[in-house]
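# Report on the structure
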Amino acid sequence: MEFDPLSLFKTHISENSSGKTIFLFHGTGGNEMDLFPLVEPFENTHTIVGLRGNILEQGMPRFFKRLSEGVFDQGIIKEEAEKLSLFLNAWYKKYETSPDNTIFIGYSNGANFILATLFIYPELIKKAAVLHAMLPFTPDKLDLANHTILLTRGTQDPIITPAQSAALVDVLNQTKATLSVLETDSGHAITQEELEALHTFCNTL
């Protein structure tokens, strides 16, 4: 039987014939269903695809392994990003769509994984909303002038320090991506203000 790259991730899919797609990437301990409530207003206008991370940490799904808090296994990142690249290429071909008609939304570990894949395979991701993200690694010089990114962060986030947030913003600004940063007086949880910004972002597709 021929290998199907779409089997590389466990998914939950709500299909729509519009040709527009939203991919969802959960945080640590989440699953492919977790972020669907964030994009409920778009279920009738977009195909929505939730992915589950392949890595388990004490039984909790993640998209890549961490060696300690904020220290990531770079080999696993590259392996899993390659799997996602195969998945996305197969998806775009099967559904006759493209990155131009696709939005990626990730929270925490899922957001970090979107960034990692974007840095390695920039042609596969053009629009991304990364909620409570940090740098998965510092990329080589990148030109993301045709990419649009929404980054949200909480000033009271106990997991991501202000310095880590600032480092990510600095790197993204250097790529020349169209970057919007929403900072809220909150912790690591997603706020109503972020949800409203996310909906505005999705409406650009």
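The structure we're discussing is the one just above.
What you are looking at is a predicted structure, and each value in this text was computed from that prediction instead of being measured. (Residues numbered from 1 in each chain as written. Predicted model: local features only at pLDDT ≥ 70, side-chain atom pairs only at ≥ 80, totals over all residues. Heavy atoms only, no water.)

### A short note on helix α3 (residues 162–174)
Taking 1.5 Å as the rise per residue, α3 with 13 residues should run 18 Å; its terminal C-alpha atoms sit 18 Å apart, in good agreement. Those residues of α3 not exposed but buried are Ser165, Leu168, Val169, Val171 and Leu172. Considered in projection along α3, the buried side chains sweep an arc of 165° and stay on one side of the axis. Residues of α3 that are exposed and point over 90 degrees away from its buried face: Pro162, Ala163 and Gln174. Immediately beyond the C-terminal end of α3, within one or two residues, lies lysine 176, with a positive phi of roughly 70°. (Helix = DSSP H or I, 4+ residues; strand = E, 2+ residues; numbered from the N terminus. Expected span 1.5 Å × (residues − 1). Buried < 20%, exposed > 50% of the residue type's maximum accessible area, 1.4 Å probe, protein only. Arc of directions from axis to C-beta.)

### Quick word on the nonpolar core
Residues Phe23, Phe25, Leu51, Phe87, Phe104 and Phe119 are the most contacted members of the largest nonpolar core, which totals 46 residues. Among the elements of the structure, β2 (21–25), β3 (47–52), α1 (74–94), α2 (109–120), β9 (127–131), β10 (148–154) and α3 are those that each provide at least two residues to this core. Here this core gets nine residues from one element, more than from any other, and that element is α1. Setting aside anything within four residues of it in sequence, one finds phenylalanine 25 in contact with Leu35, Leu51, Phe63, Leu84, Phe104, Ile105, Gly106, Tyr107, Gly110, Phe113 and Ile114. (Core = buried A, V, L, I, M, F, W, Y, C linked by side-chain atoms within 4.5 Å. Contact = heavy atoms within 4.5 Å.)

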